[in-house]
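Chain and residue survey
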Amino acid sequence: MEYDVIIFGAGVTGSAVARYLTRYQAKVLVLERESDVCEGTSKANSAIVHAGYDAAKGSLMAKYNVRGSEMMEDLSRELDFSYDRCGSLVVCLSEEDRPRLQALYENGAANGVRDLRIVEREELLEMEPNISDNAVAALWAPTGAIVCPFELTIALAENAAVNGAEFRFNTKVEKVEALPDGGFAVATDQGSFTSRAVVNAAGVYADVFHNQVSDRKIHITPRKGEYLLLDHTAYGHVTHTIFQLPGKFGKGVLVTPTVHKNILVGPTANDIDDPEGVNTTAAGLAEVMEKSALAVKNVPTRQTITSFAGLRAHEDGHEFVIGEVPEHPGFFDCAGIESPGLSSAPAIGEAVSDMVAARLDLSKNEAFVGERKGILKASELSISERNALIEKEPAYGQIICRCESVSEGEILDAIRRPLGATTLDGVKRRVRAGMGRCQAGFCSPRVMEILARELGKDLSEITKKGPDSPIIVGIVKDSIE
Amino acid sequence: MEKVNIVIVGGGPAGLAAASAAYDAGERSILILERDSMLGGILNQCIHNGFGLHTFKEELTGPEYAKRYEDQVAARGIACRLNTMVMDISPDKVVTAMNREDGMFTIQAGAVVLAMGCRERSRGALNIPGYRPAGIYSAGTAQRLVNIEGYMPGREVVILGSGDIGLIMARRMTLEGAKVKVVAELMPYSGGLKRNIVQCLDDFGIPLKLSHTVVDIQGKDRVTGVTIAEVDSTNKPIPGTEEFYSCDTLLLSCGLLPENELSRQAGVEISNVTNGPVVNESLETSIPGVFAAGNVLHVHDLVDYVSEEAAAAGRNAAAYVRGDLVEDRSHEIRLEFTGGPRYTVPATLDPAKMGDSVTIRFRVGSVMKNRFVDLYLDDERVIHRRRQVMAPGEMEELVLKKAMFEKHGETKRISIRVEEV
């Protein structure tokens, strides 16, 4: 066998499994069809670490959510990604919905979520002055948090890579087959690989690969969620993650601060057929705007800087499908990872890697380094620290993205480190160049120049997000006879 | 802390004109801070001609026009720091900036001229539904790629918005070998200058569809097409009018936004109509000694007027530093307007503080035909002009002379009234 373990997908789940697997001595390969980590469900979601009161008691969702939420803060220090325990509120908008609020509280307590409390309107209003006039009470979960899903996924993957995991991008898994004497053959559009075990973390495609080896079929529906991201000027409109308790006024959308000091509003929930259907729709965006008003007053949606859609990998049973396929020991699913998938990722990574290690009888990797230093955020330094840095590395004195105040030094770091950025979107997700209010209008040609220089490519070879997304299609007048 | 009498934030056409004018008014301690590697600002990528007709009575390209002002600045020996980003301006005019050589540094300015220009409205701010592939550019980004870098951002182009940069880019892309299929404009009128519609669209047979917008963007990796639909009087797409255009590129020219993040940090009052600072007759913002000019103040159509306005700001900054600008602002009269204007720059005027004349600029909110534009001091009409057509895409101006006030006597109200003939 070429590998001990092949992981399908470099989303947050695949990257988490890879990272925790490198705690063991194993030859690990991660296959990713896109050009970077965090390109599917992991990149377009609510960026929430759920406290864990929502998932049904006794479910895998509850188990991994509560554990993941507990792990996340320490992990954010180990791997240096943005995390903020801002707390969350589930707002009850009508007296007649109170029994549901109470039930949610009890479910949360039964799931083992710490410090849950029901707050009455007066206290709620103090916590969130812009809360709806209809709000009567809320479930307060101080352990609820927000996280940067890009930084989290990139940190997990980078740490896995540093500890020896191999990543292959632009490599699409086509077929997985259980070999007669154990182990698996994995056919991709870039050749075939064999391994002793497989971890299926293929997001909206996870059912395809599961069903190739198992007769107990699963079925995943891409469930689209559309979002609006508001400018920094809207930051502070709410200071906790605000959910609306489903009830008399229907099901709402969340309104939350982000770790980068924006406000995020969404998502919708529409089942679609196309696993690549990440387009936003006029109806969806209108729905987000309308529903944002249910729990929070005057959400400044006019300050939208971008809108986006993500797909949740919804399994028919609305439950995580995690564990070994009985017919073929060594094939492990991480399927149906929809919300609270991001929150659960560290717990799933830890648990599944342990299952794999037990199956393959892997021994501990004594050389494992669990700590990782993230890309330095120059804007967080004091003036004297910053000047010392610029003296050493002048590129930190050159601002490239003016909206988010990102220097060339940070962009170079994003490109040069392990699993570094190779595309405009890759740079954007690592250091936020192009993530601000002008949406890369100013900095994209400059980031393209830096990418071209660093990667030894021509400007025309720089893409937005992989080989099929060129930004430049030729030189001027080249089509004129 | 380093001290400089006049710090000019931005070395584009506004900053350059302000610097030279301040120098010519006798000021010698002037510093221009420019974030790009060269002076000239956005003019450097505007390689088409038509600049300078008012100022120089000849047709220059953008870089040529910029060069004349750069030469003036160089001839006067005015200091510039390039590749330097201003990070903060404090209410007491401490300017914090950063570059590779000096790191982060602060300057105590005697006066500040805000000349940061503007940026383009992005796809996200427009809330256009669809995919988010490569191939969607603001017109200015595409202009930079084509005119500065020499690359083609696409072959088959649809343009949303008929702002001047979009119109100019329709012609440029055509000349460089691309096929521009259509320009769609949400409003029932163009946002650009009439001359650009004629010279950039009509002359090349490019259709302009008014009251149309993009309702969908197709293409997962690179744009493969866009759907355009007609809109009703509330700008809502009309079902059944959708039309698909196969293309690999969507250019957006949907408005410019004055770039006032620094002004806001400093605490400068910003108009929610222009998105620029509220200024008085001296182009002074709500913070004494902080002046604004050019596209950071309000978006202009013609650079000639940017230069003219900025020169006034530069002279006034010099006067402020000398102590010749009266600090008392309690006699400012707020300009009133009815019948069409959406704003005026300046917003207020103190007759005692104005020079021989003050140019009042404004835009109307919709296309208006056959109007009188009158300016009243109290109930006395001192300006009476007839305008065949006024449009939001063309800035209007009135020149108010000191002599008018002297003749009128004490003035309590200044009002612009636009009325049908």
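All values reported here derive from a predicted model rather than from experimental measurement. (Residues numbered from 1 in each chain as written. Chains lettered and ligands numbered in written order. Predicted model: local features only at pLDDT ≥ 70, side-chain atom pairs only at ≥ 80, totals over all residues. Heavy atoms only, no water.)

So, on to the nonpolar core. By size, the foremost hydrophobic cluster in this structure holds 77 residues, and its most contacted members are Tyr-53 and Phe-167 of chain A. Here this core gets nine residues from one element, more than from any other, and that element is helix 8 (residues 341-360) of chain A. Apart from residues lying up to four places away in sequence, Tyr-53 of chain A is in contact with Ser-88, Val-90, Leu-104, Asn-107, Gly-108, Asn-111, Val-113, Leu-116, Leu-139, Ala-141 and Phe-243 of chain A. Leu-16, Ile-30, Leu-43 and Met-116 of chain B belong to the second-largest nonpolar core, a separate cluster that totals 64 residues. (Core = buried A, V, L, I, M, F, W, Y, C linked by side-chain atoms within 4.5 Å. Buried < 20%, exposed > 50% of the residue type's maximum accessible area, 1.4 Å probe, protein only. Helix = DSSP H or I, 4+ residues; strand = E, 2+ residues; numbered from the N terminus. Contact = heavy atoms within 4.5 Å.)

Our next topic: the interface of chain B and chain A. Listed per partner, the contact involves 46 residues of chain B and 57 residues of chain A. When the area that chain B buries against chain A is broken down by residue, the three leading residues are Arg-100, Arg-132 and Tyr-151 of chain B, summing to 18%. At the boundary of chain B with chain A, the tally comes to eight salt bridges. Measuring nitrogen to oxygen at the nearest pair gives 3.5 Å for the salt bridge that ties Glu-449 of chain A to Arg-144 of chain B. On inspection of chain B and its partner chain A, the count reaches 24 residue pairs in polar contact (both at pLDDT 80 or more). Every element with two or more residues in the side of chain B that touches chain A is listed here: strand 6 (85-89), strand 7 (94-99), strand 8 (103-114), strand 9 (118-120), helix 3 (123-126), strand 10 (136-138), helix 4 (139-149) and strand 11 (151-152) of chain B. Broken down by element, the side of chain B that touches chain A gets its largest block of residues, five residues, from helix 4 of chain B. Looking at side-chain class alone, the side of chain B that touches chain A contains 18 nonpolar, 12 polar and 16 charged residues. Alignment of strand 23 (residues 474-475) of chain A against strand 11 of chain B, held across two bridges, turns out to be antiparallel. Among the inter-strand pairings, Ile-475 of chain A is bridged to a residue of strand 11 of chain B, identified as Tyr-151 of chain B. (Buried area = accessible area lost by both parts, 1.4 Å probe. Salt bridge = Lys/Arg side-chain N within 4 Å of Asp/Glu carboxyl O. Polar contact = N/O pair within 3.5 Å; in protein donor to acceptor, adjacent residues only side chain to side chain. Nonpolar A, V, L, I, M, F, W, Y, C, P; charged D, E, K, R; others polar. Pairing = 2+ DSSP bridges.)

Looking now at the pattern of salt bridges. Residues and elements named next belong to chain A. One pass over the full model with this rule turns up 64 salt bridges over all chains. Ionic pairing is found between Glu-73 and Arg-85, a salt bridge with its closest N-O pair at 3.5 Å. Here Arg-85 lies in the loop between strand 4 (83-84) and strand 5 (88-92) and Glu-73 lies in helix 2 (residues 60-79), a separation of 12 residues in the sequence. With a relative accessible area of 29%, Arg-85 lands in the partly exposed category.

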